[in-house]
Amino acid sequence: MIRTDKERAREIAQNLVEILSSYEEEVMAMERESPALGPLRRAIGMAIAEACYLISDGAPPN
């Protein structure tokens, strides 16, 4: 079975969400003690949001 670029992009985005979600949770816990980590947490959240967009409907056309 040959995967299309669109399918591969979605697979990679799903993997990225899984990986970043655990990091986001850790950074959120650390942010309580060190508010300076806020920008890092927001950046991780934005990367997750972009990956979710790609998974849902933003994948490049074939």
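Attention here is on the structure that accompanies the text. (Residues numbered from 1 in each chain as written. Predicted model: local features only at pLDDT ≥ 70, side-chain atom pairs only at ≥ 80, totals over all residues. Heavy atoms only, no water.)

On to the overall build of the protein. When its secondary structure is counted, the protein shows 2 helices and 0 strands. For 62 residues, the compact-globule formula gives about 11 Å, and the C-alpha radius of gyration of the protein, at 14 Å, lies well above that figure. With the principal axes as the frame, the protein shows a C-alpha extent of 50 × 20 × 10 Å. The buried share of the protein, reckoned over its 62 residues, is 18%. Contacts spanning at least 24 positions in sequence make up 62% of the contacts within the protein whose residues lie at least 6 apart. Summed over all atoms, the accessible surface of the protein reaches about 4700 Å², with 58% contributed by carbon and sulfur. Placing the 7 positive and 11 negative side-chain charges of the protein at their respective mean positions leaves the two points 3 Å apart. (Helix = DSSP H or I, 4+ residues; strand = E, 2+ residues; numbered from the N terminus. Rg over C-alpha atoms; globule rule 2.2 N^0.38 Å. Buried < 20%, exposed > 50% of the residue type's maximum accessible area, 1.4 Å probe, protein only. Contact = heavy atoms within 4.5 Å. Areas by Shrake-Rupley, 256 points an atom, 1.4 Å probe, with all protein chains shown as cover. Lys, Arg positive; Asp, Glu negative; His and termini not counted. Charge placed at Lys NZ, Arg CZ, Asp CG, Glu CD.)

Counting residues in hydrophobic clusters, the biggest one holds 7 residues: A13, V17, L20, V27, I44, I48 and A51. Counting residues per element, the ones that place at least two in this core are α1 (5-33) and α2 (38-58). Broken down by element, the residue count for this core peaks at 4 residues, all from α1. In this view, V27 contacts L37, L40, R41 and I44; residues no more than four positions away in its chain are not counted. (Core = buried A, V, L, I, M, F, W, Y, C linked by side-chain atoms within 4.5 Å.)

With the rule as written, the count across this model stands at 2 salt bridges. Note that R8 and E11 form a salt bridge whose closest N and O atoms lie 3.0 Å from each other. Within this pair, R8 and its partner E11 are both found in helix α1, separated by 3 residues, close to a single helical turn. A relative accessible area of 35% places R8 in the partly exposed class. For E11, a relative accessible area of 28% gives the class partly exposed. Between E31 and R41 there is a salt bridge whose closest N-O contact spans 2.5 Å. Of this pair, E31 sits in helix α1 while R41 is found in helix α2, placing the two residues 10 residues apart along the sequence. (Salt bridge = Lys/Arg side-chain N within 4 Å of Asp/Glu carboxyl O.)

The α-helix winds at 3.6 residues per turn, so residues separated by three or four positions along the chain end up facing the same way. For α1, which comprises 29 residues, the first-to-last C-alpha distance of 42 Å matches the rise-based estimate of 42 Å (1.5 Å per residue) to within 8%. Taken together, the buried positions of α1 are A9, A13, V17, L20, V27 and E31. (Expected span 1.5 Å × (residues − 1).)

Here G38 lies in helix α2. Assessed through its relative accessible area of 2%, G38 is described here as buried. On a C-alpha basis, the gap between G38 and R3 in space is 38 Å, while along the polypeptide they are 35 residues apart.

Distances and angles like these do not, on their own, reveal function.
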